Amino acid sequence: MSKTVKYLIYFLAFDAVVVVGYFGFKALKGGGGTAVAVDWVTIDESYAPKNAVEEFIKADAEVRGGLPVNIRNYGRDKKVLARFKGKQFAQPTENILSLFFKGLDDWMVVDIKYKNENERDVQRTILYVFADKRWTVGDAGSLLK
């Protein structure tokens, strides 16, 4: 074999090892989903909210007469944020959020499930952001599989 062919074979073998190592590392690390399974929580009249976002959800549902509401609060899980697809953002990162929301201090992803006026089940994923010293809805959408 000529030198060129030998170098080409070594180069292809090295590339194969790097590619297999990369995908092996990703498989061992875990490719998606949340680190901890999050359960649905029912918010009704007797529920004590754990944070300002849950207080807002409860107060809003009371005003609309929509209690009980079920939520799944993922908190500040970056893997969940990477699966979020809304009207404004598709799989955003913290850096992208800080570009759109000046003074971004915190963010949270929450699934909300409730019944509408026609008694149909509605499920939405809401991205809440804490910017300018208050919590607001940053975007609404769903989580990609």
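Residues numbered from 1 in each chain as written. Predicted model: local features only at pLDDT ≥ 70, side-chain atom pairs only at ≥ 80, totals over all residues. Heavy atoms only, no water.

Peer 1: Explain the layout of surface pockets here, please?
Peer 2: One way to see where empty space is left: roll a probe the size of a water molecule over the atoms. Taken as a whole, the largest pocket holds about 740 Å³ of empty space. Put simply, the parts of the chain that give the lining of the largest pocket at least two residues each are helix H2 (52–64), strand E2 (69–75), strand E4 (104–115), strand E5 (121–131) and strand E6 (134–143). Per-element tally for the lining of the largest pocket: the top contributor is H2, with five residues. When its residues are assigned to classes, the lining of the largest pocket shows 12 nonpolar, five polar and nine charged. (1 Å grid on protein atoms, 1.4 Å probe; cavity = no way out; pocket = protein on both sides within 12 Å on 5 of 7 lines; lining within 4 Å. Points joined across faces, edges and corners; volume = space filled by probe spheres on them. Helix = DSSP H or I, 4+ residues; strand = E, 2+ residues; numbered from the N terminus. Nonpolar A, V, L, I, M, F, W, Y, C, P; charged D, E, K, R; others polar.)

Peer 1: Sorry, what's going on with H2 here?
Peer 2: Since the α-helix advances by 3.6 residues per turn, residues separated by three or four positions end up pointing in the same direction. Counted at 1.5 Å a residue, the expected span for H2 with its 13 residues is 18 Å, and the 18 Å between its end C-alpha atoms agrees. When H2 is considered as a whole, its buried residues turn out to be Val53, Glu54, Ile57, Lys58 and Ala61. When H2 is viewed along its axis, its buried side chains cluster within an angular range of 135 degrees and face the same direction. Buried residues belonging to H2 abut strand E1 (41–43), E2, E4, E5 and E6. (Expected span 1.5 Å × (residues − 1). Buried < 20%, exposed > 50% of the residue type's maximum accessible area, 1.4 Å probe, protein only. Arc of directions from axis to C-beta. Contact = heavy atoms within 4.5 Å.)

Peer 1: Is there a simple way to think about the side chain of Glu54 in this case?
Peer 2: The topology assignment puts Glu54 in helix H2. Discounting chain neighbours no more than four positions away, the residues touching Glu54 are Ile43, Tyr47, Pro49, Ile71 and Asn73.

Peer 1: Explain the pairing of E6 to me, please; I cannot follow it from the model alone.
Peer 2: Regular strands have side chains that alternate between both faces of the sheet. Bridge count between strand E3 (residues 84–86) and E6: three bridges; the pairing is antiparallel. Bridge assignment links Phe84 to a residue of E6, and that residue is Leu143. The turn joining E5 and E6, which pair antiparallel and follow one another in sequence, is formed by two residues; a positive phi near 55 degrees is taken by Asp132. (Pairing = 2+ DSSP bridges.)

Peer 1: Help me out: how do you make sense of a nonpolar patch on the surface in this one?
Peer 2: On the surface, Met1, Val5 and Ile9 cluster together into a nonpolar patch covering about 310 Å² of accessible area. Relative to the helices and strands, Met1 resides in the segment before helix H1 (3–29). The class for Met1 is exposed, based on a relative accessible area of 75%. (Patch = residues over 30% accessible without salt bridge, like charges linked within 9 Å, V, L, I, M, F, W, Y side chains within 5 Å. Areas by Shrake-Rupley, 256 points an atom, 1.4 Å probe, with all protein chains shown as cover. Salt bridge = Lys/Arg side-chain N within 4 Å of Asp/Glu carboxyl O.)

Peer 1: Explain the side chain of Asn73 here, please?
Peer 2: Here Asn73 shows up in strand E2. Only 2.9 Å separates the side chain of Asn73 from the backbone nitrogen of Gly75, close enough to count as a polar contact. With sequence-adjacent residues up to four places away left out, Asn73 is seen in contact with Val38, Asn51, Glu54, Met108, Val109 and Val110. (Polar contact = N/O pair within 3.5 Å; in protein donor to acceptor, adjacent residues only side chain to side chain.)

Peer 1: Would you mind going over the pattern of salt bridges with me for this structure?
Peer 2: Two side chains bearing opposite charge may form a pair once their charged atoms approach each other closely. This structure, assessed with the given rule, holds six salt bridges. Asp111 is the salt-bridge partner of Arg72, the closest N and O atoms lying 3.8 Å from each other. With Arg72 in strand E2 and Asp111 in strand E4, this residue pair connects regions lying 39 residues apart in the sequence. Given the relative accessible area of 3%, Asp111 is considered buried. In this structure, the salt-bridge partner of Arg76 is Glu94, at a minimum N-O distance of 2.4 Å. In this pair, Arg76 sits in the loop between E2 and helix H3 (78–83) while Glu94 sits in helix H4 (residues 94–100), placing the two residues 18 residues apart along the sequence. With a relative accessible area of 23%, Glu94 lands in the partly exposed category.

Everything listed here is a matter of coordinates, which is why it stays silent on function.
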